[in-house]
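# Working through the structure, step by step
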Amino acid sequence: LLVRLTLVEGNDGATLGVRGSDGTLAWGCASTTYAGWNDAQLVNGVVHAIAGTESAREGPLKTHAHGVYAIRPRDGHQLWSYSFQAGSASQLAFDGDMLYVSAITDDGASSHSNLYAIHTSNGTLAWSESFSEMLGQPIIVGHYRIVVVTTTNGQELRAISESDGATLWSDP
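Report follows, based on the coordinates. (Residues numbered from 1 in each chain as written. Predicted model: local features only at pLDDT ≥ 70, side-chain atom pairs only at ≥ 80, totals over all residues. Heavy atoms only, no water.)

## Quick word on the overall build of the protein chain
- The secondary structure content of the protein chain amounts to 0 helices and 16 strands.
- A fraction of 33% describes how many contacts in the protein chain between residues 6 or more apart in sequence connect residues 24 or more apart.
- When the accessible area of the protein chain is evaluated, it comes to approximately 8400 Å², of which 50% is carbon and sulfur surface. (Helix = DSSP H or I, 4+ residues; strand = E, 2+ residues; numbered from the N terminus. Contact = heavy atoms within 4.5 Å. Areas by Shrake-Rupley, 256 points an atom, 1.4 Å probe, with all protein chains shown as cover.)

Okay, structure coming up:
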């Protein structure tokens, strides 16, 4: 089974399960709650997807709901979901049985970021950390740390522990 992500404005965005043998649609997972799916990846036999209630193509966003979903590729059945509030979210990053996503909130006068670590087996939150800086895409390095670019001008690297979200080092 081949899984494909289709990004469409409005409520038409859908994650599709397409049969690899003949290209026919096996299932579709669309949402009337979310404006579109921002990322979908097949990891360890499960489709993991993230969506927001407002389209990411409309520029800077006010805080709104986001959902991370685990979907069984065989039939499109939702295994679990995790929801959070943010202005925008990164693509998903994976290591072992953990999923990582960074989220930026900019409410005018102040902005901050959160980094979420979610168990891929059941969608429960392992930990989350809040940062006064803007976080970029999480990058997994060496199975024990996450490296992200921080600050709005991208001038700092920060290593974060996968186990608890603690900052290991930052440069400069």
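## Looking at the environment of Ile 118
- Residue position: Ile 118 is located in strand β11 (residues 111-119).
- We classify Ile 118 as buried; its relative accessible area is 0%.
- With 21 residues separating them in the primary sequence, Ile 118 and Asp 97 have C-alpha atoms 8.5 Å apart.
- In this structure Ile 118 touches Val 68, Trp 80, Tyr 82, Asp 97, Met 98, Leu 99, Gly 123, Thr 124, Leu 125 and Ala 126, once residues within four positions along its chain are discounted. (Buried < 20%, exposed > 50% of the residue type's maximum accessible area, 1.4 Å probe, protein only.)

## Some points on the side chain of Ser 161
- Tracing the backbone shows Ser 161 in strand β15 (residues 156-161).
- Not counting chain neighbours up to four residues away, the residues in contact with Ser 161 comprise Trp 127, Tyr 144, Ala 166 and Leu 168.

## Quick look at the pairing of strand β7 (residues 78-86)
- Note that strand β6 (residues 64-71) and β7 share 8 bridges and pair antiparallel. Opposite Gly 67, over in β7, you have Ser 83 as the bridge partner.
- Turn length for the β6-β7 hairpin, with the two strands adjacent in sequence and antiparallel, is 6 residues, and the turn residue Gly 76 shows positive phi of about 80 degrees. (Pairing = 2+ DSSP bridges.)

## Observations concerning the nonpolar core
- Counting 16 residues, the largest nonpolar core has Val 68, Trp 80, Phe 84, Leu 92, Leu 99, Tyr 116 and Ile 118 as the members making the most contacts within it.
- At the level of secondary structure, the elements contributing two or more residues to this core comprise β5 (46-52), β6, β7, β10 (98-106) and β11.
- The dominant element in this core, judged by the number of residues it contributes, is β7, at 4 residues.
- Beyond its immediate stretch of four places on either side in the chain, Val 68 contacts Ala 49, Ile 50, Trp 80, Ser 81, Tyr 82, Phe 84, Leu 92, Leu 99 and Ile 118.
- By size, the runner-up hydrophobic cluster in this structure holds 11 residues, among which are Tyr 100, Phe 131, Ile 146 and Val 148. (Core = buried A, V, L, I, M, F, W, Y, C linked by side-chain atoms within 4.5 Å.)

## Examining the packing of aromatic side chains
- As enumerated under the stated definition, the model contains 4 aromatic pairs in all.
- An aromatic cluster is built from Tyr 82, Phe 84 and Tyr 116, whose rings are joined through pairwise contacts. (Phe/Tyr/Trp six-rings, centres within 6.5 Å; stacked < 30°, edge-to-face > 60°.)

## A short note on the pattern of salt bridges
- Applying the stated criterion across every chain, the model contains 1 salt bridge.
- Here Arg 72 ties to Asp 75 by a salt bridge, and the two come within 2.9 Å at their closest N and O atoms.
- Assessed through its relative accessible area of 25%, Arg 72 is described here as partly exposed.
- For Asp 75, a relative accessible area of 37% corresponds to the partly exposed category. (Salt bridge = Lys/Arg side-chain N within 4 Å of Asp/Glu carboxyl O.)

## Quick word on the environment of Asp 106
- With respect to the helices and strands, the residue Asp 106 is situated in strand β10.
- By relative accessible area, which is 40% here, Asp 106 ends up partly exposed.

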